[in-house]
Amino acid sequence: MLRTAVRNLLAHKTRLMMTALAVLLGTAFVSGTLIFSDTVGGAYRAKTARSLDDVAVSVTQGHGRPAKGDGALDTRVVDKVRALPGVTSVRPSVDGVATVADKDGNPAGSEWGSVGANYVPGPGGKDSRYPVKEGRGPATADEIALDAKTAAKAGAKLGGPVRLAVDGPVVTKKLVGIVGTRDPRVSAGGSLALFDTATAQQLFGKPGQFGELVVSAAKGADQEALARAVKDALPQGFDAKSGKELAAEQSKAIDKDTSSIRKTLLVFAGISLFVGVFIIANTFTMLIAQRTREIALLRAVGASRRQVVRSVLVEAGLLGLAASAVGFVLGIGIAAGLRPVLNSTGGELPDGPLVVAPGSVLAALAVGVVVTVVAAWLPSRKAARIAPVEALASVDQAPTARSLVVRNSIGAVLTGLGLAVMLYVTTLRDSGGLPVAAAGSALTVAGVIVLAPLLSRPFVTLFGKATARFTGVSGKLAGQNALRNPRRTAATASALMIGLTLITGLTVVAVSANQGVDRMSQQDLTADYKVSSATYHGFSPDVAKTLAGQPGVAAAVPLRLGGFDMNNDPAGIQATADVPALTKVVDLKVTGGALADVRGKDAVAVSEKYAREHGLKVGSTLPMDFADGKRETPRVAAVYADNDVLVNVLGSTALVDPHLEKVRDDEVYLKAAPGRADKLPAEIKKALGANPLIKVQSQDDLRRAAAGNVDSVLYLMYGLLGMAVVIAVIGVVNTLAMSVFERTREIGMLRAIGLARTGIKQMVRLESVMIALFGAVLGTGTGIFLAWAGGHLLRSSFPQYTMVVPWGRIAVFLLLALAVGVLAAVWPARRAAKLNMLESIGAQ
């Protein structure tokens, strides 16, 4: 029987080609995901390890506000650590955010990676952490050094000026050196600016203090013992960690990040493989139907049912193994090509060797073989149940009425349960019901798949009648062929339906979310412009003062954000010097008390939601525990309607500023004077000296930014689901090609009684279009329903969300399905039309 399985595999390799391609693509997705995540994780770990080469122990300030006196990282602590046995050197460092301007005045680095640090010359005037490539390190307040990439983006030359900003106005410094760096933040797209130590301390708000002490020791020294010795020698309030401990923590963080990426990609790989199951099952069902005489002969000469089952499963296993091996090789290529593609779009992934772990090899091969064998199990059971006499008497039999009744009954139960669960989801109000919605969606999709043969009859009948009116006998034959085996039609269409269900559902949610964001900005924000930091680290209050005095600005209201705990429940508070002035830039509706009473340290305003959740009202006391360990107990002077621009608590700067490490504004909202709104952005930029730190956004800009984030995620989902759709298209081609082979004699008879080659092509093409459109209609309908039901989970966190059906995009999906049907039929239709009439009639 093993030889029979191998012979069958080789004899039908052309018919199995499309099935192998589906398995190949699915396993390529899996192996590519595993190899890519291992490679990126390995590259990040290697880069992190290199950046910690000279770190035996790292000493940092403990949590909370920087301490003063004995609790500060200053030169006294440096001298104390340097005097410990086993310490070869101590590198005191201070860093912060320094935004270097590129050639166009924009930030030269990424929004989260604009690094500023101090250059610490050691013996010979060199800093081992930042090796000088050209020039020298900065030594005075007006000098700066950059890494090579930042210098290139800034268009800076040695001896020339460099424009940058830390948290306030633009400053210009002289470039004296180009350095190298192993800082992962810089290699991942950030920028690096180096200053002498005194200047860095002044710029980053730590005069006379350091942010970290990097302790080096002799090679082979016990880092753990040294870390304990350092910690014992220092007062309380300091953290001392060994280099090995830091490397382990960063490795754990990298594993966590890459694991989340891997799991996400594997979910979509699983969807692709699930779609492939339909193709594999369809293929083996058709092959078994075409080989019933052969199976009957095997049974007649003594083969048992179990042997027949094993023969089919061995054939499937060998097919899966061969396809998985090729798919794994393709996955290596995908993983190797993915990094440069992502880097070309700004990914800035670190370089490193391709990591092909044994587990990735075994996983890819095992997945391909298991999926193929599982998909072929039901067809193999069907083959074993055929009695030898019945098989010899008939080449093919339609499914029994009982089997369709049972299937329809199961499908009705699954669909009913799914619909009931999703209707229950519509009564929920938050994301806590997400697991229930996922279960309901799975039940609904499974039910529709099982019911697909029943649903295909009215659709194909209606479509067949419509096409028959325009195409005549070809359209009529196409409809009859699609209805001849509704299971096969349903299985092929279901593969396409799964991908389109997910794509349609995601599209409806994304478009609806974008509409909600538009309504949100229009409802709550009345300012013309929002001024914020390009690095999200805030800027000096002097910026707001400059803007307030700018001609054309009717109102400039700065906001700064602080954090506090109320009975261990963390919350945010926004502060401004004049709280009532917020009504000039925000649609702030006061429902209790008065904003005019929110002044000084003794009063705050809270949102209705926050008041409701914490049992607060006007006159209540709000206990606020700040990060510096101090407590404030202001009274609630006003309650305002929930607002998407503001957080849940508003207060005066007099309340918040004493608890901030450094006073910075996070954003300034501007209201333009009548007739000045259009010119204001350019005037603001000019007034602030083309500051790279400053980002000016209109309401339209804010809407586009929010919509762009949603659209980016949506397009990413399209790309990940694209593989499933490709595999579904392969399934349509596969079904048609095997159907043509199965109907060879019938096609010959049609040609003999006068149907032209063009009619044969048209018949196959229309059958393909029917299958594709049936899958598309099922997918889009199911996707819209699931999006409608699941959208109710957003009502509490996103009250502006209202479902919007993007009929234009739905029409595009249906047109694409039509194109898929036409293209999928090209090869099978040509093959059918080229069949020799007499040879076809004589075919067995």
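What you are looking at is a predicted structure, and each value in this text was computed from that prediction instead of being measured.

**Q** Outline the side chain of Thr33, supporting the account with residue identities and numerical values.
**A** Along the chain, Thr33 turns up in helix α2 (residues 17-51). A relative accessible area of 3% means that Thr33 is categorised as buried. Those residues in contact with Thr33 that sit more than four places away from it in its chain are Arg262, Leu265 and Leu266.

**Q** With reference to specific residues and values, describe the environment of Val23.
**A** Mapping Val23 onto the fold places it in helix α2. Using a relative accessible area of 4% as the deciding quantity, one classes Val23 as buried. It is 9.3 Å that separates the C-alpha atoms of Val23 and Val367, two residues lying 344 residues apart in sequence. Discounting residues that sit within four places of it in the chain, Val23 has contacts with Ile280, Gly320, Ala323, Ser324, Gly368 and Thr372.

**Q** Please provide a residue-by-residue account of the pattern of salt bridges, values included.
**A** The tally for this structure, following the rule as stated, stands at 18 salt bridges. For the salt bridge of Arg91 with Asp127, the shortest nitrogen-to-oxygen distance reads 2.6 Å. Remark: Asp127 occurs in the loop between β5 (114-119) and β6 (132-135) and Arg91 occurs in strand β2 (residues 87-93); sequence separation between them is 36 residues. For Arg91, a relative accessible area of 9% corresponds to the buried category. For Glu249, the salt bridge is made with Lys241, and the minimal N-O distance between the two is 3.1 Å. A single network of salt bridges, built from pairs that share partners, joins Asp167, Lys662 and Arg664.

**Q** A description of a nonpolar patch on the surface should follow, citing residues and the corresponding values.
**A** On the surface, Leu815, Leu818 and Val822 cluster together into a nonpolar patch covering about 240 Å² of accessible area. Summarising the element assignment, Val822 is placed in helix α24 (residues 807-824).

**Q** Describe the sheet that holds strand β11 (residues 212-217), naming the residues involved and giving the relevant values.
**A** Taken in spatial order, the four strands of this open sheet run β2-β11-β1-β12, and their pairing is antiparallel. Bordering the open sheet on either side are β2 and β12 (238-242), each of which pairs with just one other strand. Across the sheet, the mean angle from the axis of one strand to that of its neighbour is 20 degrees, orientation sign disregarded. Alignment of strand β1 (residues 57-61) against β11, held across four bridges, turns out to be antiparallel. Paired with Val57 across the two strands is Val215, which belongs to β11. Against the sheet, helix α3 (residues 75-82) makes contact with β2, β11 and β12, and its axis sits at roughly 160 degrees relative to β2, the strand it touches most. Docked against the sheet, helix α7 (residues 223-233) engages β1, β2, β11 and β12, running at close to 170 degrees with respect to β12.

**Q** Lay out the packing of aromatic side chains in plain terms, naming residues and giving numbers.
**A** Taken as a whole and assessed by the stated rule, the structure comprises eight aromatic pairs. Between Phe195 and Phe204, the aromatic rings sit 6.1 Å apart at their centres with planes inclined by 70 degrees, giving edge-to-face as the arrangement. For Phe195, a relative accessible area of 0% gives the class buried. Ring plane angle 50 degrees and centroid distance 6.3 Å describe the contact between Phe564 and Phe626, whose orientation is recorded as tilted. Of this pair, Phe564 sits in strand β14 (residues 553-566) while Phe626 sits in strand β18 (residues 624-626), placing them 62 residues apart in sequence. Taking the relative accessible area as the measure of exposure, Phe564 reaches 2% and is therefore buried. The class of Phe626 is buried, set by a relative accessible area of 6%. Every member of this aromatic cluster is reached through a ring pair, and the members are Phe459, Phe463 and Phe774.

What counts as what
Residues numbered from 1 in each chain as written. Predicted model: local features only at pLDDT ≥ 70, side-chain atom pairs only at ≥ 80, totals over all residues. Heavy atoms only, no water. Helix = DSSP H or I, 4+ residues; strand = E, 2+ residues; numbered from the N terminus. Buried < 20%, exposed > 50% of the residue type's maximum accessible area, 1.4 Å probe, protein only. Contact = heavy atoms within 4.5 Å. Salt bridge = Lys/Arg side-chain N within 4 Å of Asp/Glu carboxyl O. Patch = residues over 30% accessible without salt bridge, like charges linked within 9 Å, V, L, I, M, F, W, Y side chains within 5 Å. Areas by Shrake-Rupley, 256 points an atom, 1.4 Å probe, with all protein chains shown as cover. Pairing = 2+ DSSP bridges. Axes fitted to C-alpha atoms, helices over the stretch in contact; angles between N-to-C directions. Phe/Tyr/Trp six-rings, centres within 6.5 Å; stacked < 30°, edge-to-face > 60°.

None of this, on its own, says anything about what the molecule does.
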